[in-house]
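Inside the fold
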Amino acid sequence: MNDEKNKTHDQLSTDREQFSSYEQPDPESPDIQDIHRAVLREQFEPSEGQQRVPIALFLFFIALAMWGGYYLSKYDGNFQANVYDGPDAFRLMDLSQSGEKKEKQIDPILLGKRIYNNCVSCHQASGEGVAGQYPPLNQSEWVLGDDRILARILLGGLNGPIEVKGTTYNAQMPAWKQLSDRDIAAVLTFIRQNWNNTAPAVEESTIANVRASIGTRTSAYSASELKAIELPDRSEAAATETTPMESEAAESETAESQTAESKSNLEPSK
């Protein structure tokens, strides 16, 4: 009986030692953290499913679509083949031909339409303006009137009340003298020949003459001041003006007559 008890006791001691050695490894056993690192390095198996698009990417595509719509609406040219002529639409020199360079003819209506984009916020694309705030350009007596007065409005600006088509407006218009004579003549030609307007085109020389007459003026015009300006008749002004070739011919003729007169004075009288 005692032998059996001793055997049982020895067995329990042996099991306890085995259990202890298994549960509490000695320092030479592998680190559990190293084992976990090996497991974490394993990649997940690919699986089929759905995943949300990142919100930043979604907002980027929305912004890109909005910008594309704005750009297309501003530069579409109504999808007319005769409106846009590529990147060289407004190049002053024709570089398409090898050899002698010649000045390229620019459509003032096309150029004026592009420049008029700066005026759309006030006068609107329809030329009807904003009721009670900005006057219309369509069928306006100021637009269809003398282009020299209209040029003064663009070069000097406008301030104070002005009556257009029977309605009084009181909004300030800034001066656009930073534009070239060509650009101002083009945009004035555009508004005088667009919508229901059928006024003649504005010459670049007209803008140059008005700019010279204004000089260094910095104050804006008023409607009463513009009405008080007395402009010479175009036919009389054209009759008194001389071209550079005419003045050169006159100077040459004067010089020849003076030379002939001096020669006749030097000849001895018989």
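Residues numbered from 1 in each chain as written. Predicted model: local features only at pLDDT ≥ 70, side-chain atom pairs only at ≥ 80, totals over all residues. Heavy atoms only, no water.

1. Here's the deal with the overall build of the protein
Worth spelling out the cut-off: Secondary structure is summarised from DSSP: a helix means a run of H or I of at least four residues, a strand means a run of E of at least two, and numbering begins at the N terminus for each. Throughout, exposure labels follow a simple rule: accessible area from a 1.4 Å probe, protein chains only, divided by the maximum for the residue type, with under 20% read as buried, over 50% as exposed, and the rest as partly exposed. In short, Shrake-Rupley with a 1.4 Å probe defines the accessible areas, and a residue's cover is counted only from the protein chains shown.
The secondary structure content of the protein amounts to twelve helices and four strands. Per-residue burial for the protein yields a buried fraction of 22% across its 270 residues. Of the roughly 20600 Å² that the protein leaves accessible, carbon and sulfur atoms contribute 54%.

2. Thoughts on the pattern of salt bridges
In plain terms, the rule: Any carboxyl oxygen of Asp or Glu that lies within 4 Å of a side-chain nitrogen of Lys or Arg is treated as forming a salt bridge with it.
Within this structure, the stated rule accounts for four salt bridges. The residue D181 makes a salt bridge to R211 at a minimum N-O spacing of 2.8 Å. Here R211 lies in helix α9 (residues 204-214) and D181 lies in helix α8 (residues 181-193), a separation of 30 residues in the sequence. A relative accessible area of 19% means that D181 is categorised as buried. Between D183 and R182 there is a salt bridge whose closest N-O contact spans 3.4 Å.

3. Comments concerning α8
Note the threshold: Any helix carries an expected span of 1.5 Å times its number of residues minus one. Whether two residues are in contact is decided by their heavy atoms: any pair within 4.5 Å suffices.
Taking 1.5 Å of rise per residue, the 13 residues of α8 would be expected to cover 18 Å, and the 18 Å separating its terminal C-alpha atoms lies within 8% of that figure. Of all 13 residues in α8, eleven are buried, a share of seventy percent or more. Within α8 the residues assigned to the buried category are D181, D183, I184, A185, A186, V187, L188, T189, F190, I191 and R192. Buried residues along α8 sit against α4 (108-116), α6 (141-144), α7 (147-156) and α9. Looking one or two residues past α8, W195 carries a phi angle of roughly 60 degrees, positive in sign.

4. A closer look at the packing of aromatic side chains
Each aromatic ring pair is characterised by the separation of its centres together with the angle its planes make. Selection criterion: Here a pair means two rings of Phe, Tyr or Trp (six-membered ring of Trp) with centres within 6.5 Å. Their orientation is stacked below 30 degrees between planes, edge-to-face above 60, and tilted elsewhere. Whether a charge lies above a ring is judged from NZ of Lys or CZ of Arg, which has to be within 6 Å of the ring centre and within 35 degrees of the ring normal.
Under the criterion given, the structure shown has five aromatic pairs. An aromatic cluster of three or more residues is present, and its members are Y116, F190 and W195. Here the basic side chain of R217 rests over the ring of Y221, its NZ or CZ set 3.8 Å away from the ring centre.

5. Points about the confidence of the model for the protein
For residues with low pLDDT, the predicted coordinates do not support detailed interpretation. Where we set the bar: Residue-level confidence of the predictor is what pLDDT reports, using numbers from 0 through 100.
With 63% of its residues at a pLDDT of 70 or more, the protein has an overall mean of 76. Least confident of the elements in the protein is helix α12 (residues 244-266), whose mean pLDDT is 50; most confident is α6, at 95. For residues 240-250, every residue scores under 50 in pLDDT, and the model assigns this stretch one contact once sequence neighbours within four places are set aside.

6. Examining the packing of α7 against α8
Formally: Here an axis means a line fitted to C-alpha atoms, over the contact stretch when the element is a helix, while the angle between two N-to-C directions is reported on a 0 to 180 degree scale. Working definition: roughly parallel below 35 degrees, roughly antiparallel above 145 degrees, roughly perpendicular at 65 to 115 degrees, and oblique for all remaining angles. Here is the rule for handedness: rotate from the far helix to the near one, and if that takes an anticlockwise turn smaller than a right angle the crossing is left-handed, while a clockwise turn gives right-handed. The residue classification treats Ala, Val, Leu, Ile, Met, Phe, Trp, Tyr, Cys and Pro as nonpolar and Asp, Glu, Lys and Arg as charged. All others, Gly included, are polar.
The geometry of α7 relative to α8 is characterised by a closest axis approach of 11 Å and an angle of 120 degrees between their N-to-C directions. One finds that α7 runs oblique with respect to α8. For the pair α7 and α8, the sense of crossing is right-handed. Across from D147, L150, A151, L154 and L155 in α7, the residues of α8 making contact are I184, V187, L188, I191 and R192. Broken down by class, the residue content of the contact of α7 with α8 amounts to eight nonpolar, no polar and two charged.

7. As for the packing of α7 against α9
The N-to-C vectors of α7 and α9 enclose an angle of 60 degrees; their axes lie 10 Å apart at closest approach. Comparing their axes, α9 and α7 come out oblique. The handedness of the crossing between α7 and α9 is right-handed. Facing D147, R148, A151, R152 and L155 of α7, the residues of α9 in contact are T206, I207, V210, R211, S213 and I214. Tallied by class, the residues present in the contact of α7 with α9 amount to five nonpolar, two polar and four charged.

8. Remarks on unusual backbone geometry
Trans peptide bonds make up most of the peptide bonds, and negative phi angles are found at most residues other than glycine. Although it is not a glycine, Q139 adopts a positive phi angle of roughly 60 degrees. Within the element layout of this structure, Q139 appears in the loop between α5 (120-123) and α6. Judged by its relative accessible area of 36%, Q139 falls in the partly exposed class. Phi angles above zero are rare outside glycine, and W195 is one such case at about 60 degrees.

9. Let's talk about the environment of R114
Its location among the elements puts R114 in helix α4. The class of R114 is partly exposed, set by a relative accessible area of 23%. Along the chain, R114 and A186 lie 72 residues apart, while their C-alpha atoms are 9.5 Å from each other.

10. Here we look at the nonpolar core
Where we set the bar: We call a set of buried Ala, Val, Leu, Ile, Met, Phe, Trp, Tyr and Cys residues a nonpolar core when their side-chain atoms join them within 4.5 Å.
Membership of the largest hydrophobic core comes to 33 residues, with the highest contact counts inside it found for W142, L188, I191 and I207. Sorting the residues of this core by element identifies α4, α6, α7, β3 (162-164), α8, α9 and α10 (223-228) as the ones contributing at least two each. Element by element, the count of residues in this core is highest for α8, at seven residues. For W142, the contacting residues outside a window of four places in its chain are I149, L150, I153, I162, E163, V164, A223, L226 and K227.

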